[in-house]
Amino acid sequence: MTDVSPSRRALIGWGGAGLALGAAAAGGTAAALSGDDSTGPVDDGGGAVPFHGAHQAGIATAVQDRLHFAAFDVTTDDRAELIGLLKEWTEAAARMTRGQAVGDGAVGDLVEAPPDDTGEALGLKPSRLTLTFGVGPTLFRDKKGKDRFGLAGRRPEALADLPAFPGDDLDAARSDGDLCVQACADDPQVAVHAIRNLARIGMGKVAVRWSQLGFGKTSSTTPDAQTPRNMMGFKDGTRNIPGTDAAALTKHVWVSEKAGPAWLAGGSYLVARRIRMHIETWDRTSLKEQEDVFGRDKGEGAPYGKQHERDTPNLKAMLPDAHVRLAHPDSNGGIRVLRRGYSFTDGTDGLGRLDAGLFFLAYQHDVREGFVPLQRRLARSDALNEYIQHVGSALFAIPPGVRDADDWWGRALFT
Amino acid sequence: MRAARTSVVAAISALTTLTAVAGCAEKSDGKGSDAVQVTASDSACEVSKTSFPAGHVKLAVENKGSKTTEVYVYAPGDRIVTERENIGPGTKAVVNAEVKAGSYEIACKPGMKGHGIRQKVTATGKGKAAERDPRLDKAVAAYRAYAQAQADETLPKAQAFADAVKKDDLAAAKKAYAPSRVGWERTEPVAESFGDIDPKVDVREDGLEKGQKWTGWHRLEKSLWQTKKITKADHDLADQLIKDLKDWRKRVGTAEITPTGMANGAKELLDEVQTGKVTGEEERYSHTDLVDFEGNVEGARTSYRLLKPVASKNDPALAKELDKQFAAVMKQLDEYREGDGFVSYDTVSETKRKELSDAVNALAEPLSKLAAAVVSK
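Residues numbered from 1 in each chain as written. Chains lettered and ligands numbered in written order. Predicted model: local features only at pLDDT ≥ 70, side-chain atom pairs only at ≥ 80, totals over all residues.

Attention now moves to the overall build of chain B. Each helix and strand counted, chain B has 12 helices and 12 strands in total. Out of the 377 residues belonging to chain B, those deemed buried represent 47%. Of the contacts formed within chain B by residues at least 6 apart in sequence, a portion of 73% connects residues at least 24 apart. (Helix = DSSP H or I, 4+ residues; strand = E, 2+ residues; numbered from the N terminus. Buried ≥ 20, exposed ≤ 12 C-beta atoms within 10 Å, placed from the backbone. Contact = placed C-beta atoms within 7 Å.)

Structure representation (structure tokens):
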């Protein structure tokens, strides 16, 4: 197979040298900033985020604007076939993150055959696309208890089904999955193109179980940047783990070699929750109550009694059930998770209500010391619960980074 | 049926270089130096020359046998370029055709049936098509025979359905409905290539254009299952359906069929399943979608089997995958068999429908690569 597909950056180059220079410079900045560690934050110039590294990109990477997240069921029972797919996926993912088309491109030479690449990303920048791969509990033992791939012995203890939380109304069709891919990019079409092409490559071996589009980031891993607002109009997650804080990442996000299992060292755990917001009732709530619910002022995002968003909060100034007070690390024995959620709006439901909310994504070194205790506390007491409901849920183990061109997603798990 | 599609014929004629305009029969005796003399008997079909220039060709036929005969001109893959039926013993006829450069066969059919006694002839001239792999010509001819057999077998079944409608026998008509559609569903891309028949027999209510009268199977389906009443208008619709299906049966032989067309037709059948059957849209009143589903898959599998000798040589991995995925889809369908048909599709849950959809995707994706495997060397 010859590499004939023009990269998106090259296509831009044909259109104008200035643009091409800009994109190349952005890519260069990205590489320089991240060095060997592909997960470092990058400049926001439409360039490429390195695919290879010690950790997978798309976790500590500066949060991109758009998301397409997909969970897959593995439909084959053939271990070799699954491994073959993971290799094929890795190759396609590496190409797409560089802004290249998959396979022989989107405009192949055989008119009788459909092109390998679906084509909608032709001419677009790499847009800092990251593709982050994970494996769910059912890959190790399916819901019927069957160990389809001889992996049961390799399942980490932490990768158990999440407990049921009070108030959950989980839809099985929007929950769980054997595999997941998180596609983040600054251009929505680039993210959708990536998931679409991976799903297509996977047909016959995997099938999309559910997928979620996110149109706006709700968290930032770059403390200097503005904290984005969620669909309720509030800044939330101000105290997120910065992608540049190596010590915090090591402590809270990456699975250590000591904790193991070995195949997961340098990886992480991802909790994905589809949190529906009761938008219409929230909008009718007085400003005072809205601010009480969060424990911040709506305009600036400052904690109660403070001037600025990043002022150290005085938790006691907030109501006991205020969201920030309950979720703050100081109320939870220092527990922190790296949040990477996105706002979603999937049109309206049959009753004319906006089907909108937060697609919550949180990375952590161990869910039992991360999301689970946090959510236990929030589900029990959070004032926000009156306006939200968790309707989808999934947990994945996120393997370490793909080291080089010979490495592939999940290699350490399967070998 | 799909609401809008590029007809297979349009797509194929862009690719083929063997397009020939069908001629018409004349009554004059056509004697002349440029005419090809065809002497038909009960056991022979002699031609005065086996090579002639491309363009307008005149066949001067004389039936010296004791049986009534027919004369056909076939392009590769047994596509009928022109034909003349009912040439009685001792009579003459002239058959005209416009042919492009390439290989053809002239066939006499004493007794007006069977494969005929054939002579290979060549139309010479510029732009002669590259010779096609004879295995592919064989595949096309075999597929045409399959399509013809499906049409032939459909007519009595459709007649039984129409008869039940005309006797106002609701139960019998419902029972005969789905089986009457199987042959059509198996070979739908061929039927759809005659742009005018599909909108008459297989259109759904939402596929109607402004001013178009709703006729065909699905109109009757609505009467039988939705209004549960057979009207006088339905009797006429039943007659019309038979008339239109007879037209279909007659035209199968003239359809442009190419190897890539067969491959893409197989893919289109799976498209039909994915967009119409898995969703339950096709048979929204009768819920007999799984019968159509199986017909579509069987038709696609027949195309594949006929192309497999070439495809498996060019792309062995693809052939292996297709064998596997065809088997997987059929195995899933087996779960829903009931009596000599299938369970009503409205009893199939959303979860199970997704399983069917996944299986169809798993098959359709590699099937979309079959055409390339047929043309690549």
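Having seen it, we continue.
Taken together, the contact between chain A and chain B spans nine residues of the former and 13 residues of the latter. Class assignment for the residues of the side of chain A that touches chain B results in five nonpolar, two polar and two charged. (Nonpolar A, V, L, I, M, F, W, Y, C, P; charged D, E, K, R; others polar.)

Before going further, it helps to examine the pairing of strand β6 (residues 268–277) of chain A. Residue and element names in this part refer to chain A. Of all the 10 residues making up β6, nine are buried; the element is thus mostly covered by neighbouring parts of the structure. Strand direction decides the pairing type here: β6 and strand β10 (residues 388–398), joined by 10 bridges, are antiparallel. Residue pairing for β10: I275 is matched across the bridge by H390. Bridge count between β6 and strand β9 (residues 354–364): eight bridges; the pairing is antiparallel. Along β9, the bridge assignment pairs L270 with Y363. (Pairing = 2+ DSSP bridges.)

On to the pairing of strand β2 (residues 130–135) of chain A, then. Residue and element names in this part refer to chain A. Across the six residues of β2, six count as buried, placing the element largely inside the fold. Burial along β2 is two-sided: T130, T132 and G134 facing one way and L131, F133 and V135 facing the other are all buried. Judged from the six bridges that link them, β2 and strand β3 (residues 179–185) form a sheet pairing that is antiparallel. Directly across from F133, in β3, lies its bridge partner V181.

With that settled, consider the confidence of the model for chain B. Residues and elements named next belong to chain B. For chain B, the mean per-residue pLDDT works out to 88, and 89% of the residues sit at or above 70. Counting contacts from residues 2–31, a segment whose pLDDT is below 50, to residues more than four positions away or on other chains yields 65 contacts. Model confidence for the complex is summarised by a pTM of 0.82, with the ipTM given as 0.79. (pLDDT = per-residue confidence, 0-100.)

All names here are of chain B. Within the open sheet, the five strands sit side by side as β4-β10-β9-β6-β7. Their pairing is mixed. At either end of the open sheet lies a strand with only one pairing partner, and these are β4 (51–53) and β7 (79–87). Pairs of neighbouring strands in the sheet enclose a mean axial angle of 25°, with direction left out of account. Relative to strand β10 (residues 117–124), strand β9 (residues 102–108) runs antiparallel, the two being bridged by seven bridges. (Axes fitted to C-alpha atoms, helices over the stretch in contact; angles between N-to-C directions.)

A word on the nonpolar core. Residues and elements named next belong to chain A. In terms of nonpolar packing, the biggest core is built from 99 residues, with F72, C180, A183, A191 and A194 touching the most fellow members. When residues in this core are grouped by element, the largest group, eight residues, is from helix α3 (residues 79–97). For A191, the residues in contact, after removing those within four places along its chain, are R66, L67, H68, L129, A183, C184 and A185. (Core = buried A, V, L, I, M, F, W, Y, C linked by C-beta atoms within 7 Å.)

Residue and element names in this part refer to chain B. Per the domain assignment, the segments making up chain B are domain 1 (17–124) and domain 2 (134–375). Using only C-alpha atoms to locate each centre, domain 1 and domain 2 end up separated by 34 Å. Of the residues that constitute the side of domain 1 that touches domain 2, the class distribution is three nonpolar, one polar and two charged. (Domains from an automatic or database assignment.)

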